[in-house]
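The chain contents come next:
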Amino acid sequence: MLTFRHPMKTDQRGKPGRKMRRSAGTTDEARAEELREQINTLLSDESWFSVHRQSAAAELFDDVVVRAFYEDLTTPTTRSFDVRSQKIGLPGKEDGYFRVLLIGPTGVGKTSLLRQFIGSHPERDRFPSTSASRTTISDIEVITAPGEYYNCVATFFNEWTVQTLVYECVADAGAVLWDEQPDAKIAERLLQHRDMRFRLSYVLGSWGQGLVAQADDEDGFGDEPTAFEAEGEDVPVAEEIARMQATLQGYVARIRVLAAKAKADLGVEIESLIKEDRDAAQDLFEECLQTLPDFDELVGDIMDELRKRFDRLNEGLTRRPGGWPESWVFASDDRDEFIRTIRRLSSNWAPSFGTLLTPLVDGIRIRGPFAPHFGNGERKLVLLDGEGLGHAKDSATGVTSHITSRFDQVDVILLVDTAKTPMLDTPTSVMRAVAASGHHDKLAIAFTSFDLLKRQANLPTQADQRAHVMATVNQALASLREVVGVPVIRAISRDIDERCFMLGYLDRVITDKNPAPAAELLRLLAHFEKVGFANAASVQVRPVYELARLLFSIQGAVAEFHSRWDAILSLGGAPNVRRAHWAEVKALNRRVALRIDNYEYRDLMPVAELLGRLSEWITRYLDTPLRWDGKQPSEEEAESALGLVQREVFKRLGPLAEQRLIEAGYGRWTRAFHLSGRGSTFERARGIQSVYIENVPVPGPVLDHRSTDLLREMQSLVGEAIEAAGGMLIGEALG
């Protein structure tokens, strides 16, 4: 094993010298020692510290050493979609396929609906996985294609992202020892990331796995949990479970030692700081714990355990230059074998913990003759599923950039919600984002658990039940009139009843013997085809906009963004805006400073938030052009023309938001991340606020150079989009 500090890579603390572990590729100790001497020689001479010296290094050093030092420096860290497309292409309308994007809150039955579309049996197949907790964290792309073979390509999170998540799990486990806690609590924090997405227990085994669970209290009811078919499952045997438990117990013991050492090292300093600023004291304790030598060793040991789990994928695995797995392909003409094999990359079945790779997978694309158990005839569909949205308490909370970036790539945006508690803030935020992006003509809404409404005494008929759900839809639309403008909401409302589908019994196998639920699912599938076949109307009308009104829209959007984020950072007040805990702010700061995970942490999404506010305010501006050149359009013609302009603007706003909030302010983000000690939590928030003030200033009556620069860029962006959509922007531009 080659172990060294890389001088050109930052670690999880944002400092140079990331600890690297690379296989020497040999069991010969003399050979391994020779390689270690070579890497030490390279590290001792700074002239080698450039990607341009790789060719020269290859002439002097062994290929193993050159790969260990150079090759990951030039390998893109985020290219999973492209890798999947190289293995299995994603067909579109030109191939006769319709693309459907499924979006919805966690736990509403989005994946259960996907199972119905592909004929996946809830007990026998169990793919994709479902549960009461957040289950789907990777992109799942299903291509229903005729043929005999089933194909799959899975891609994995890059090593840097996984290592950072492991780092945060170890840090969080150590942080609970700020107060005394039992081993089980330490293991809980270690094995489940705080954001509920990354679960090490799936890969390493769960704490106490293999022990006989204490029986739950009897509830007096006869319902038994679903008995999953275990035949063919990859389940660890007793010896493996014992080995995994010993490994986990060793990790917990090492975390205890780290926490005790950190407290001892801080001594009187921490006791004094606790009296003045308890948050800063805990932050200092966590920082001290994370800088101890054995902390990085523990993270490295866990990463080694994760690497071993890939040994179960014998064939079809490709790796990045540094050795970390990149993708895996599999094909079979046996449907049962195919589903059973790919479950190890998507399952959440507890008896298989310790053998699964689910948390390490960032995308799975499958292609095959998948079809529902109801209806007949083949359908060419691309079904795009992904992680469910968190349950927000504010409909202005942004929808992730990863999701909104797909709006332009699909034919149908299917919002999945539950009929039990329909159209709360999270689904309303999706509708808000779709409306503001100009893709409202693609929107459809599927309400799951509709069968549960028949038990309500005040809703005796199915018509009453549907009317109850539709009332919440219309109420949500009414609440968005002032946010995205009346014309857009009017366009959605015109045929919203035809775009809403009431679905029940999705947890069961629905066949033609279940006429009511099957009929509604068939109506939904027919809607996919109807929207997919619809050709975009050629726009014969030309909207003309006045530049001066655009400047007021930019001012309003930016002011709203600042008001929300001042409240999030606890530096101001705004109604209905959740104030983030200092640890969440630091976690967001880490993701920006280390450039991981779309620069988002839970519901802290600055780029998505700025995109949302700008698109909403500009949509209202675009909805009311100064005039129309040529003939006066009909209402439908106007909506088509305005939607095209909105989509063109939305495509351009995302890169602008990322450039201004992340790239232009990266130095400030990095400095904020390195703050520690007394007052650091407050100063970090102020540092992030300064990024927003400096790079996205609120234009005032007197424009300074920063505001002028923002307005120039925005008027150029919107002007180009309007012209690309066939419109015109008039007025005197800023010089």
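Quick note: structure is the one above.
Rules of the game
- Residues numbered from 1 in each chain as written.
- Predicted model: local features only at pLDDT ≥ 70, side-chain atom pairs only at ≥ 80, totals over all residues.
- Heavy atoms only, no water.
- Helix = DSSP H or I, 4+ residues; strand = E, 2+ residues; numbered from the N terminus.
- Rg over C-alpha atoms; globule rule 2.2 N^0.38 Å.
- Buried < 20%, exposed > 50% of the residue type's maximum accessible area, 1.4 Å probe, protein only.
- Pairing = 2+ DSSP bridges.
- Axes fitted to C-alpha atoms, helices over the stretch in contact; angles between N-to-C directions.
- Contact = heavy atoms within 4.5 Å.
- Core = buried A, V, L, I, M, F, W, Y, C linked by side-chain atoms within 4.5 Å.
- Expected span 1.5 Å × (residues − 1).
- Phe/Tyr/Trp six-rings, centres within 6.5 Å; stacked < 30°, edge-to-face > 60°.
- Parallel < 35°, antiparallel > 145°, perpendicular 65-115°, else oblique.
- Nonpolar A, V, L, I, M, F, W, Y, C, P; charged D, E, K, R; others polar.
- Left-handed = near helix turned anticlockwise from the far one by under 90°.

Asks: Which parts of the structure should I look at to understand the overall build of the protein chain?
Replies: In terms of helices and strands, the protein chain carries 26 helices and 15 strands. For a compact globule of 735 residues, the expected C-alpha radius of gyration is about 27 Å, and the protein chain comes in at 27 Å, within 12% of that figure. C-alpha atoms of the protein chain, sized along the principal axes, occupy 85 × 70 × 60 Å. When the 735 residues of the protein chain are sorted by exposure, 55% land in the buried category.

Asks: Would you mind showing me how to read the sheet that holds strand β3 (residues 98–103) here?
Replies: The pairing of strands in a sheet happens through backbone hydrogen bonds and is either parallel or antiparallel. Strands sit in the order β6-β7-β5-β8-β4-β9-β3-β10-β11-β12 across an open sheet of 10 strands; the sheet is mixed. Every interior strand has two partners, whereas the edge strands, β6 (317–319) and β12 (500–502), have only one. Averaged over all neighbouring strand pairs, the angle between strand axes comes to 15°, with direction disregarded. For strand β11 (residues 443–448) and β12, the ladder comprises 3 bridges, and the chain directions are parallel. Bridging from a neighbouring strand, F447 pairs with M502 of β12. Its contacts with the sheet put helix α19 (residues 515–533) on β3, β9 (381–385), β10 (412–418), β11 and β12, and the angle it makes with β12 is roughly 160°.

Asks: Sorry if this is basic, but what is going on with the nonpolar core here?
Replies: One recurring pattern in soluble globular proteins is that nonpolar side chains are buried together. Judged by nonpolar contacts, the single largest core of 91 residues is most densely connected at V166, L190, L200 and L414. Ignoring sequence-local partners within four residues, the contact set of L200 consists of V166, C169, L190, L191, G205, I302 and L306. If you look at the next biggest cluster of nonpolar residues, it comprises 55 residues, including A574, L604, I618 and Y692.

Asks: Is there a simple way to think about helix α9 (residues 238–266) in this case?
Replies: Side chains three or four residues apart in an α-helix point the same way, a direct result of the helix having 3.6 residues per turn. Across its 29 residues, α9 extends 43 Å between first and last C-alpha, which sits within 8% of the 42 Å expected from 1.5 Å per residue. Those residues of α9 not exposed but buried are I241, M244, Q245, L248, Y251, V252, I255, L258, A259, A262 and L266. Downstream of α9 by a residue or two, G267 has a phi angle that is positive, lying close to 50°.

Asks: For this particular structure, what's the right way to read the sheet that holds strand β14 (residues 627–629)?
Replies: On the basis of which strands lie adjacent, the open sheet formed by 3 strands has the order β14-β13-β15 and mixed pairing. One side of each edge strand has no neighbouring strand; the edge strands of this open sheet are β14 and β15 (728–730). On average, each strand axis in the sheet is tilted by 35° relative to the strand beside it, whichever way the strands run. With 3 bridges joining them, strand β13 (residues 542–546) and β15 adopt parallel strand pairing. Directly across from Y545, in β15, lies its bridge partner L729. Sheet strands in contact with helix α20 (residues 547–568) are β13 and β15, and its direction is about 70° off that of β13.

Asks: What exactly am I supposed to notice about the packing of aromatic side chains here?
Replies: Counting across every chain of the model gives 16 aromatic pairs. Geometrically, the ring pair formed by Y202 and F353 is stacked, given 4.7 Å between the ring centres and 25° between the ring planes. With Y202 in helix α8 (residues 201–204) and F353 in the loop between α13 (335–342) and β8 (361–368), this residue pair connects regions lying 151 residues apart in the sequence. Accessibility assignment for this pair places Y202 and F353 in one class, buried.

Asks: Sorry, what's going on with the packing of α20 against helix α25 (residues 680–695) here?
Replies: Helix-helix packing is characterised by the crossing angle of the two axes and by the distance between the axes. Between α20 and α25, the least distance of the axes is 11 Å, while the angle of their chain directions is 175°. Put simply, α20 runs roughly antiparallel to α25. Residues F561, H562, W565 and D566 of α20 touch α25, and the partners they reach there are Q689, Y692 and I693. Its residues placed into classes, the contact of α20 with α25 shows 4 nonpolar, 2 polar and 1 charged.

Asks: Explain the pairing of strand β2 (residues 16–22) to me, please; I cannot follow it from the model alone.
Replies: On a regular strand, each side chain points to the face opposite its neighbour's, so the side chains alternate between the two faces of the sheet. Most of β2 sits out of view: 5 of its 7 residues are buried. Alignment of strand β1 (residues 2–10) against β2, held across 6 bridges, turns out to be antiparallel. Bridge pairing in β2 places L2 opposite R22. The hairpin formed by β1 and β2 contains 5 residues between the paired strands, and G14 there has a positive phi angle of roughly 80°.

Asks: I keep staring at the environment of F330 and nothing clicks. Help me out?
Replies: The residue F330 is located in strand β7 (residues 325–332) in this model. As a C-alpha pair, F330 and T341 span 11 residues in sequence and 8.5 Å in three-dimensional space.

Asks: Mind showing me how you'd approach helix α15 (residues 425–437) here?
Replies: Taking 1.5 Å per residue as the helical rise, α15 with its 13 residues ought to reach 18 Å, and the 18 Å between its terminal C-alpha atoms agrees with that figure. For α15, the tally of buried residues reaches 12 of 13 residues, placing the bulk of the element in the interior. G438, located one to two residues past α15, shows a positive phi value of around 85°.

Asks: Please clarify how the packing of helix α18 (residues 486–494) against helix α23 (residues 635–663) should be interpreted in this entry.
Replies: Viewed as axis vectors pointing N to C, α18 and α23 meet at an angle of 120°, and their least axial separation amounts to 11 Å. Crossing geometry of α18 relative to α23 is assigned as left-handed. Contacts between α18 and α23 pair P487, V488, R490, A491 and R494 from the former with E635, E636, E639 and Q646 from the latter. Along the lines of polarity and charge, the residues of the contact of α18 with α23 split into 3 nonpolar, 1 polar and 5 charged.

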